[in-house]
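The primary structure of each chain is shown beneath.
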Amino acid sequence: MRDDVTQVGLRIDVDTLRGTREGVPRLLTLLKQQHILGSFFFSVGPDNMGRHLWRLLKPAFFIKMLRSRAASLYGWDILLAGTFWPGRKIGQTLPEVIRNTQTAGHEVGLHAWDHYKWQTYVESMPASVIQHELQQAYDSLYTITAFKPCCSAAAGWKCTDDVLQEKEKLLFRYNSDCRGHSIFRPVINGQPATPQIPVTLPTYDEMIGRKGITQNNYNEILLEMIQPGQLNVLTIHAEVEGIVCAELFSNFLQRAHQHHIEFVPLGQLLPDLEHIPMGRIKIATQAGREGSMCLQDNLN
């Protein structure tokens, strides 16, 4: 790698049936054109994302939906999925899309079985239920790709110590379950766990409509947040950058290339284990998001 090149880990979250069906193929085409590989994290169980609509009763979530123009951003098929009809199982319905992602050379990791259920209830789930959710998703990806998933990224950045302990049993090379600033190994019951590669940059829905950020200046501001010599990890969503914001994201990639930014799969950022410091994960809030999420925390 040239000295003037800044690496950015590219994480692509795939939350819904529509994102898998429409967003992923479009992103695969775009990334191939730009000679970019990234890390795709798939939700493979039932698409029940429409059940989040009850959260409109919460003012913070309602404001976020208005600010990000969620109905036009995601589409009513996503916003209502799993409400008036049973959620369709994504991996079972669209296995070829996931296989095509693997064949194209991207990292394929576990995001969730039921994204809605995980994001809403995981903090109160008993370990047995967490294990069942993870194992279902793991087995589904293994069946589809014929490869054991090597990595995972918790839906909604929702994670607990019980989650980390259950993930240890699946022997992932790394997890990406929190927001933070550097790669670390969380300490659970006094023992270092699988490395975490935290997301360092905000997502589109966290930025747009806040502090004067619009479609016109979004790419410029996001590029300014990428810091040479530091860990840079960007999360995009198949439902956003792969569909309604595809042109915006294409422009972002072109401008990033002009700034000597190289996008890589998250696994390419991992140093040797002995060079990874210890840390913790804590539950906190993040600007632009409704509800709690996991953040990197230093050991006391």
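So, how was this worked out
- Residues numbered from 1 in each chain as written.
- Predicted model: local features only at pLDDT ≥ 70, side-chain atom pairs only at ≥ 80, totals over all residues.
- Heavy atoms only, no water.
- 1 Å grid on protein atoms, 1.4 Å probe; cavity = no way out; pocket = protein on both sides within 12 Å on 5 of 7 lines; lining within 4 Å.
- Points joined across faces, edges and corners; volume = space filled by probe spheres on them.
- Helix = DSSP H or I, 4+ residues; strand = E, 2+ residues; numbered from the N terminus.
- Nonpolar A, V, L, I, M, F, W, Y, C, P; charged D, E, K, R; others polar.
- Pairing = 2+ DSSP bridges.
- Buried < 20%, exposed > 50% of the residue type's maximum accessible area, 1.4 Å probe, protein only.
- Right-handed = clockwise from strand over helix to strand, strands pointing away.
- Phe/Tyr/Trp six-rings, centres within 6.5 Å; stacked < 30°, edge-to-face > 60°.
- Lys NZ or Arg CZ within 6 Å of the ring centre and 35° of its normal.
- Expected span 1.5 Å × (residues − 1).
- Axes fitted to C-alpha atoms, helices over the stretch in contact; angles between N-to-C directions.
- Parallel < 35°, antiparallel > 145°, perpendicular 65-115°, else oblique.
- Left-handed = near helix turned anticlockwise from the far one by under 90°.
- Contact = heavy atoms within 4.5 Å.

Draft legend 1. Expanded view of the layout of surface pockets. Here the second largest pocket is characterised by a volume of approximately 350 Å³. Lining the second largest pocket are 16 residues, with His35, His257, Ile261, Glu262 and Phe263 positioned closest to its centre. Broken down by secondary-structure element, the contributors of at least two residues to the lining of the second largest pocket are α13 (246–258) and β9 (261–264). Broken down by element, the lining of the second largest pocket gets its largest block of residues, four residues, from β9. Its residues assigned to classes, the lining of the second largest pocket comprises nine nonpolar, five polar and two charged.

Draft legend 2. Spotlight on the sheet that holds strand β7 (residues 191–192). Strands sit in the order β7-β6-β10-β11 across an open sheet of four strands; the sheet is mixed. For this open sheet the edge positions go to β7 and β11 (292–297), each flanked by a neighbour on one side alone. As paired elements, strand β6 (residues 185–188) and β7 share two bridges and run antiparallel to each other. Across the sheet, residue Ile188 finds its bridge partner in β7, namely Gln191.

Draft legend 3. Seen up close, the pairing of strand β2 (residues 39–43). With respect to burial, β2 is a largely interior element, five of its five residues being buried. Side chains Ser39, Phe41 and Ser43 of β2 all project onto a buried face; the interleaved residues Phe40 and Phe42 project onto the opposite face, where all are buried too. Note that strand β1 (residues 6–14) and β2 share four bridges and pair parallel. Across the sheet, residue Asp13 finds its bridge partner in β2, namely Phe41. Note on the crossover from β1 through helix α1 (residues 17–33) to β2: the handedness is right-handed. When β2 meets strand β3 (residues 107–112), the two strands line up parallel, connected through five bridges. Residue Ser43 lies in a different strand from β3, and its bridge partner there is Ala112.

Draft legend 4. View of the packing of aromatic side chains. Across all of its chains, the model carries six aromatic pairs by this definition. When the centroid spacing of 5.9 Å and the interplanar angle of 55 degrees are considered together, the rings of Phe252 and Phe263 count as tilted. Note that Phe252 is positioned in helix α13 and Phe263 in strand β9, a separation of eleven residues in sequence. Judged by its relative accessible area of 1%, Phe252 is buried. When its relative accessible area of 6% is taken as the criterion, Phe263 is described as buried. Each member of the aromatic cluster is reached from another via a ring pair, and the members are Phe249, Phe252 and Phe263. When the ring centre of Phe41 is taken as origin, the NZ or CZ atom of Arg11, which lies over that ring, is 5.7 Å away. Over the aromatic face of Trp157 sits the side chain of Arg179, whose NZ or CZ is 4.3 Å from the ring centroid.

Draft legend 5. Representation of α13 in the model. Spanning 13 residues, α13 covers 19 Å between terminal C-alpha atoms, matching the ideal 18 Å at 1.5 Å per step. Turning to α13, its buried residues number three or more, namely Ala246, Leu248, Phe249, Ser250, Phe252, Leu253 and Ala256.

Draft legend 6. Here's a closer look at the packing of helix α11 (residues 218–225) against α13. Following both chains from N to C, one finds α11 and α13 inclined at 45 degrees, their axes separated by 10 Å at the closest point. Classified by the interaxial angle, the pair formed by α11 and α13 is oblique. For the pair α11 and α13, the crossing hand works out as right-handed. Across from Tyr218, Asn219, Glu220, Leu222 and Leu223 in α11, the residues of α13 making contact are Leu248, Asn251, Phe252, Arg255 and Ala256.

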